[in-house]
Amino acid sequence: SSRRRHTRYISVTGVQTCALPILIAEFYPLLGLAFLMTGRSAEAKATFDTYDRDFADAPEFYKLLTLTARINLHVADGELVDAERAVGRCFSYAFAMENSRHHIQIYGASAALAAAEGRRDRALRDLRKSEEAAFANANHLDSLIHYRYAALVYLNLNDFRLAEESLDRMLVHL
């Protein structure tokens, strides 16, 4: 009876099933993000790999979450070709999920890659789209993500004044 009070169940096709597998499926992307945010790239990659392998039927949102996080991993590790491939996969997922906050990271990463390749117009266009997505709501994390990418874009474009301004704006949102 005590166990029954502390365990939640969901109904799947009329059969009651413990919700634990669903919680675990949602946990992996968040754990991977925690590893990524604390600089533990190898653990983040391993966590995302496990998630991709074991939870192929997961909701699109969580698949996109791991894909956008992988962009960050690739950029941080200097794997620009892999980052560009990840951006392409993210675009296909994100546009199916209209107005996804993942657009911030996808456009930001695309802008950073374009800047690294010397494609200034493309970089600035994608950075504007990242900014539009970031300021669609008043979430500080969204702004932080955008300004981090903006600083990277401006550094790659050798515009150190704008890079510094972006970093200053990012610090306001920490």
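Model, not experiment: these values are computed from the prediction. (Residues numbered from 1 in each chain as written. Predicted model: local features only at pLDDT ≥ 70, side-chain atom pairs only at ≥ 80, totals over all residues. Heavy atoms only, no water.)

Trainee: Tell me about the overall build of the protein chain, residues and numbers included.
Mentor: On a plain count of helices and strands, the protein chain comes out with nine helices and two strands. Counting helices and strands in the order they occur from the N terminus, the protein chain gives α-β-β-α-α-α-α-α-α-α-α. (Helix = DSSP H or I, 4+ residues; strand = E, 2+ residues; numbered from the N terminus.)

Trainee: I'd love a proper account of the pattern of salt bridges, names of residues and values included.
Mentor: Counted by the stated rule, this structure contains ten salt bridges. Of the charged contacts in the structure, one is a salt bridge between Asp126 and Arg122, with a shortest N-O distance of 2.8 Å. You can see Asp126 and its partner Arg122 sitting in helix α7 (residues 120-134), four residues apart, about one turn around the helix. When its relative accessible area of 1% is taken as the criterion, Asp126 is described as buried. Looking at Arg122, the relative accessible area reads 30%, which means it is partly exposed. (Salt bridge = Lys/Arg side-chain N within 4 Å of Asp/Glu carboxyl O. Buried < 20%, exposed > 50% of the residue type's maximum accessible area, 1.4 Å probe, protein only.)

Trainee: Give a detailed account of the environment of Val87, specifying residues and quantitative values.
Mentor: Relative to the assigned elements, Val87 resides in helix α5 (residues 80-94). Residue class for Val87 comes out buried when judged on its relative accessible area of 5%. For the pair Val87 and Thr68, spaced 19 residues apart in sequence, the C-alpha to C-alpha distance is 7.6 Å. Apart from residues lying up to four places away in sequence, Val87 is in contact with Ile71, Ile106, Ala109, Ser110 and Leu113. (Contact = heavy atoms within 4.5 Å.)

Trainee: So, the packing of aromatic side chains: which residues are in play, and what are the values?
Mentor: Counting across every chain of the model gives two aromatic pairs. Above the plane of the ring of Tyr149 lies Arg148, whose end atom (NZ or CZ) is 5.5 Å from the centre. (Phe/Tyr/Trp six-rings, centres within 6.5 Å; stacked < 30°, edge-to-face > 60°. Lys NZ or Arg CZ within 6 Å of the ring centre and 35° of its normal.)

Trainee: For the nonpolar core, give the residues involved together with the corresponding values.
Mentor: Judged by nonpolar contacts, the single largest core of 29 residues is most densely connected at Ile71, Val87, Ile106 and Val153. For this core, the secondary structure elements donating two or more residues are α4 (60-76), α5, α6 (102-116), α7 and α8 (140-156). Per-element accounting of this core gives the leading share, nine residues, to α6. The next biggest cluster of nonpolar side chains, apart from the first, holds six residues, and it includes Phe35, Leu36, Phe48 and Ala69. (Core = buried A, V, L, I, M, F, W, Y, C linked by side-chain atoms within 4.5 Å.)

Trainee: Any chance you could break down the confidence of the model for the protein chain for me, citing the residues and the numbers?
Mentor: When the pLDDT values of the protein chain are averaged, the result is 79; 80% of them are 70 or greater. When mean pLDDT is taken per element in the protein chain, α7 scores highest with 94 and strand β1 (residues 9-12) scores lowest with 38. The low-confidence segment residues 1-22, where pLDDT is below 50, has 13 contacts with residues more than four positions distant or belonging to other chains. (pLDDT = per-residue confidence, 0-100.)

Trainee: Please give an account of the packing of α7 against α8 that cites residues and values.
Mentor: Close contact between α7 and α8 brings their axes to 9 Å; oriented N to C, the two are set at 170 degrees. Classified by the angle between their axes, α7 and α8 sit roughly antiparallel to one another. The element α7 and its partner α8 pack so that their crossing is left-handed. Of the residues in α8, those touching α7 at Ala123, Leu124, Leu127, Ser130, Glu131 and Ala134 are Asp142, Ser143, His146, Tyr149, Ala150, Val153 and Tyr154. Of the residues that constitute the contact of α7 with α8, the class distribution is eight nonpolar, three polar and two charged. (Axes fitted to C-alpha atoms, helices over the stretch in contact; angles between N-to-C directions. Parallel < 35°, antiparallel > 145°, perpendicular 65-115°, else oblique. Left-handed = near helix turned anticlockwise from the far one by under 90°. Nonpolar A, V, L, I, M, F, W, Y, C, P; charged D, E, K, R; others polar.)

Trainee: Can you explain the side chain of Ser110? Please cite residues and give values.
Mentor: Tracing the backbone shows Ser110 in helix α6. Beyond its immediate chain neighbours, meaning those up to four positions away, Ser110 contacts Val87, Phe91, Arg122 and Asp126.

Trainee: An account of unusual backbone geometry is requested, with residue identities and associated values reported.
Mentor: Even without being glycine, Asn158 reaches a positive phi, approximately 60 degrees. As for its placement among the helices and strands, Asn158 is situated in the loop between α8 and α9 (160-172). With relative accessibility at 55%, the residue Asn158 sits in the exposed group.

Trainee: For α6, give the residues involved together with the corresponding values.
Mentor: For α6, which comprises 15 residues, the first-to-last C-alpha distance of 21 Å matches the rise-based estimate of 21 Å (1.5 Å per residue) to within 8%. Within α6, 14 of the 15 residues are buried, leaving the element largely enclosed by the surrounding structure. Following α6 by one or two positions, Gly118 has its phi on the positive side, about 80 degrees. (Expected span 1.5 Å × (residues − 1).)

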